[in-house]
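# What the coordinates show
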Amino acid sequence: KCHCYRRSCQYQLKSVQGSSKAHCSQFCVAGHQVGYVLPQVLKQLCRFPDVFRIIEKPDDISRLELVPELTTYEQRSAAMQYVLEKLKAEDYFPCLKQWRNEMYDVMPQFSDPPLFCMERAATSLFGVKRYGVHINGFVRQDNKEIAMWIARRSYCKQTYAGLLDNLAAGGLASGMGIRETLIKECQEESCIPESLAARAVPVSTISYTYEDERGIFPECQFVYDLEVPIDFVPRVGDGEVHEFYLWPLDKVKEAIASPDFKPNCSLVVLDFLIRHGYLDADTEKHYQTFVEGIHKTL
């Protein structure tokens, strides 16, 4: 349980100890803060005065803004794309080596209209919020016990290659809805037919922020539970998954406490275990920390 506690909190620790937030500049668009920029990123962005301006405040944190002349979603998106393609060509930031040609919308809150879109691989340079959907696939066996389908990521993935993962998951690309993304990822990653994927139930969100050598990642995942028939077996689809396992929850609990599980996916499973009563507040001393830790304000 101590291992599980450390694993579930690893994203949150950065916000308390070792966080770069105090050294970051706020990133603002049209008067709204949408992210944080590290000093080494800010230094490079100063080279593009037609796109960015820096507002210096005495005894206060500086602020990076898109220039006010960029007034529309299309103008901002095009200007950001121009800068990112330049930086990518210079091979300066490691995250841009993972270029996806996949656009993410940027907005202050998920309920707000998007202000612009940008390349997924570059979002960590600006510390903007990213959203995704994760699916807990599970089976009620003949003995009434629950077993969970776990995926092992392809060993060729750009990130977290070979680690354990949820049955299906994916980021919300620009213009894509949550359920639309869920059905797409279920079909592509796990060959789950739309008729079955449509039964997935929205149950929760988890949110966290972490930092690594690529930048800052504030993320919120929309969590769905999908009970599948006992005779259903997912199949590898687009190559993002290596293989699938059907495990009893005791084995799943052990797995999420190990370094073999993708960290944010372990939080999705932890949320499932809490909601389904497999962790008890009387016997799990970290129960409150678990619950608070997976619902951080971004």
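First things first, this report covers the structure right here in the doc. (Residues numbered from 1 in each chain as written. Predicted model: local features only at pLDDT ≥ 70, side-chain atom pairs only at ≥ 80, totals over all residues. Heavy atoms only, no water.)

## Section: the side chain of Glu-189
With respect to the helices and strands, Glu-189 occurs in helix H5 (residues 178–190). The contact partners of Glu-189, leaving out residues within four places of it in the chain, are Leu-167, Ala-168, Ala-169, Arg-235, Val-236, Gly-237, Asp-238, Glu-240, Val-241 and Phe-244. (Helix = DSSP H or I, 4+ residues; strand = E, 2+ residues; numbered from the N terminus. Contact = heavy atoms within 4.5 Å.)

## Considerations on helix H3 (residues 73–90)
For H3, spanning 18 residues, the distance from its first C-alpha to its last is 26 Å, which sits close to the expected 26 Å at 1.5 Å a residue. All of the buried residues in H3 are Arg-76, Ser-77, Ala-79, Met-80, Val-83, Leu-84 and Leu-87. Looking straight down H3, one finds that the buried residues subtend no more than 165° of arc, so they occupy a single side. In H3, the exposed residues that point more than 90 degrees away from the buried face are Glu-74 and Ala-89. Buried residues in H3 make contact with strand E1 (25–29), helix H2 (39–45), strand E3 (52–55), strand E4 (63–66), strand E6 (116–119) and helix H4 (123–126). (Expected span 1.5 Å × (residues − 1). Buried < 20%, exposed > 50% of the residue type's maximum accessible area, 1.4 Å probe, protein only. Arc of directions from axis to C-beta.)

## Some words on the layout of surface pockets
Here the largest pocket is characterised by a volume of approximately 730 Å³. Lining the largest pocket we find 42 residues, and of these Arg-100, Arg-120, Arg-153, Lys-157 and Thr-159 sit closest to its centre. Of the residues belonging to the lining of the largest pocket, the class tally is 15 nonpolar, 11 polar and 16 charged. (1 Å grid on protein atoms, 1.4 Å probe; cavity = no way out; pocket = protein on both sides within 12 Å on 5 of 7 lines; lining within 4 Å. Points joined across faces, edges and corners; volume = space filled by probe spheres on them. Nonpolar A, V, L, I, M, F, W, Y, C, P; charged D, E, K, R; others polar.)

## Topic: H5
With 13 residues, H5 extends 17 Å from end C-alpha to end C-alpha; this agrees with the ideal 18 Å at 1.5 Å per step. Taken together, the buried positions of H5 are occupied by Ile-178, Thr-181, Leu-182, Ile-183, Glu-185, Cys-186, Glu-189 and Ser-190. Elements in contact with the buried residues of H5: strand E7 (130–140), strand E10 (168–171), helix H6 (194–197), strand E12 (215–227) and strand E13 (241–248). Remark: Cys-191 follows H5 within two positions and exhibits a positive phi of approximately 55°.

## Let's talk about unusual backbone geometry
You will see that Ala-30, though not glycine, has its phi angle at about 55°, which is positive. Its location among the elements puts Ala-30 in the loop between E1 and strand E2 (32–37). Although it is not a glycine, Asn-101 adopts a positive phi angle of roughly 55°. Take Asn-101: it is sitting in the loop between H3 and strand E5 (103–106).

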